[in-house]
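Spelled out from the first residue to the last, the chains are:
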Amino acid sequence: MGIYTTLPENLREVDVVVAGGGAAGCVVASRLADADPELSILLIERGKDNFRAPTVNHPVLWRDNYYPKYFPNDRRVSFHKAVKEEQLGDRESIVVVANTLGGGSSINLMMYTRPQRCDYDSWNTEGWTTEDLLPYLRRFETYHGQSGKDYHGYHGPIHVSDGQFRSIKAEDEFIAAMKEVGFPEVEDLQDFESVGAARGRKYVSPEGQRQDVAHTYLHPRLQDGRHPNLHVLVESQVVNVLFDSGRACGVKYRVNPLMQSEPGGGVVKARKLVVLSCGTLGTPAILERSGIGDSGVLKRAGIEPTVVDLPGVGHDYQDHNMSIYGYKTDLTPDATTDAIHSGKADVATLLASNDKILGWNGIDAWSKLRPTSAEVDILGPAFRDTWDRDFKDPSKPLIAGMLITGLLGDRGLAPPGQYFCMGFYAAYPYSRGHVHITGPGIDDPLEFKTGFLTDKHDLDLKAQIWAYKTQREVARRMSIYQGEVPHMHPEFPSGSKASFTLDALGPHSGSKVKENIKYSAEDDAAIEKWIRQNMTTCWHGIGTCKMAPREQLGVVDSSLGVYGVSGLKVADLSVVPENVCANTMSTALAIGEKASDIFIKELGLDSK
């Protein structure tokens, strides 16, 4: 029982190996440890422990996990570079993934968002509809909103609350402007049905602590004295899965050289089960190094023999394509995150006094939006055909967006001051990419293509153009609006009516704006150019080991078993076959909870 940086010899063989200590992996390991005290479980995480790390525990310090300012040498992410993609201005997109215990739950923005009912139903997989997953979505949460709602949970390990701090004026302005533009305020945007704008709750406790999965599931069990069967190895990477006559029997691992200078590693045998939970970019790479994947990819990478020819591995990568737009504001310094995220705050004093702003993620309101029928027509006949086919359900949004109270972007191009941003992403992108290994070694680079904006009829691009125009109208109607941050907006042609940094009506113009901006074809071209050059990931990658029939490029079945072998499961966001209109933590947690029940039953532990 405990967390190790070097594996004790007595743990070279266990019952279950869980590769990956992210959201789903921590849930699976914890629930299996609860099921049977005689079942030995080893969770292997490539990153460092996160116990009581300030940048993890205090929500407002989330950005320090990416770009350390206050805690040097404590970065808790790694950066994956995609190949150059012509449709993205020949950029090599950077996708960030967690590199710490707790995975994305330790470093994300803590937004409590849930999918729509139609999302899980679209997976077309027995046992994975919204009704099937609702008990798991309730199981993990203690919801500190309105009580008595049967679609929320009130007794789970993860608290969902307002935290200790909100930028009230900013969220009020956002909600009011959204209503003026045509999007009403709804009481609960996370009821699986509603569309509109809402004040948001977060994966933050009422005391202002981030609710990451390691601190809510794993650490309590490691410290309570009742789970001697649960073990965690950090700073170690799983290289590949080992097989005996077609059954997974263990893993090969190595010490993470970025964490420890002395090499090490070896083999851990698994008597009963191996579970891969290394994420949308990590899990397919492990499968391919283990000989499971498209035989052509494996041959080019020097992997022989092929254990299972499974072409779906690494295929169908998708992500929420997001664009972020910046605005100047006259909010007071204590109402934005700018001082903290620019490195100018006295964080030591904030920590010493346990200032309430530490419990704030800087995001208090968000939205799920649908265009009007007239707006759909403006986007063209191909978009109209797709809309009529795929968006008949009035509860299915096109775009999800959020108000970010502070500058989220390159501060080197903006003068010191106070800012807010609008971040909007396509809820159901049609574009697809891939991720594959290029060699047999764990250090061989991945061939990673995001595929952003590659769909046949530019549907994703048109959705982004609509989102840009919509969020701009919302921003202009907020009284805190003081103009645009030039580099975070398109450069419109000289003389364009769409070109301005501050309305002619002047500051505090929100109540004076009556008409929407008119855009020419040249203006639309400028918007398209900016999006192609700036649109980025939302850190919501899914689908590279999707749960689907094998003939449909599926990698796992409805019980999360990898096709063609036994004793090997996948439990992370890579199994998600179709996208969801939500940040992905709620789905990752639900996968972890349901996977636990599946594995417990298959191991014959459900009667204990």
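Below is a summary of the structure that appears in this document. In this text, all values refer to a predicted model and were calculated from it rather than measured experimentally.

**Here we look at the overall build of the chain**
Per the secondary structure count, the chain includes 16 helices and 22 strands. Whereas a compact globule of 608 residues would reach a radius of gyration of roughly 25 Å, the chain reaches 24 Å, a difference of no more than 12%. A principal-axis box enclosing the C-alpha atoms of the chain has dimensions of 70 × 55 × 50 Å. Burial analysis of the chain (608 residues in total) assigns 61% to the buried set.

**Let's talk about helix H5 (residues 130-139)**
Residues separated by three or four positions in an α-helix point in the same direction, a consequence of the helix having 3.6 residues per turn. For H5, the set of buried residues is Thr-130, Leu-133, Leu-134, Tyr-136 and Leu-137. Next to the buried residues of H5 lie helix H4 (117-121), strand S6 (141-143) and helix H16 (585-602).

**Focus on unusual backbone geometry**
With the exception of glycine, the majority of residues adopt a negative phi angle, and the majority of peptide bonds are in the trans configuration. In this model, Glu-304 is joined to Pro-305 through a cis peptide bond whose omega is -5°. The phi angle at Met-110 is positive, at roughly 65°, despite the residue not being glycine. Counting through the fold element by element, Met-110 comes out in the loop between helix H3 (104-107) and H4. Phi at Leu-553 is positive, roughly 65°, even though this residue is not glycine. Looking at where Leu-553 falls in the secondary structure, it is placed in the loop between helix H15 (521-534) and strand S22 (568-570). For Leu-553, a relative accessible area of 29% gives the class partly exposed.

**Quick look at the pattern of salt bridges**
Counted under the stated rule, the structure contains 37 salt bridges. Here Lys-546 and Asp-316 are joined by a salt bridge, their closest N and O atoms 2.8 Å apart. With a gap of 230 residues between them, Lys-546 in the loop between H15 and S22 and Asp-316 in the loop between strand S14 (308-309) and strand S15 (322-329) connect regions that are remote in the sequence. The class of Asp-316 is buried, set by a relative accessible area of 17%.

Calculation notes
Residues numbered from 1 in each chain as written. Predicted model: local features only at pLDDT ≥ 70, side-chain atom pairs only at ≥ 80, totals over all residues. Heavy atoms only, no water. Helix = DSSP H or I, 4+ residues; strand = E, 2+ residues; numbered from the N terminus. Rg over C-alpha atoms; globule rule 2.2 N^0.38 Å. Buried < 20%, exposed > 50% of the residue type's maximum accessible area, 1.4 Å probe, protein only. Contact = heavy atoms within 4.5 Å. Salt bridge = Lys/Arg side-chain N within 4 Å of Asp/Glu carboxyl O.

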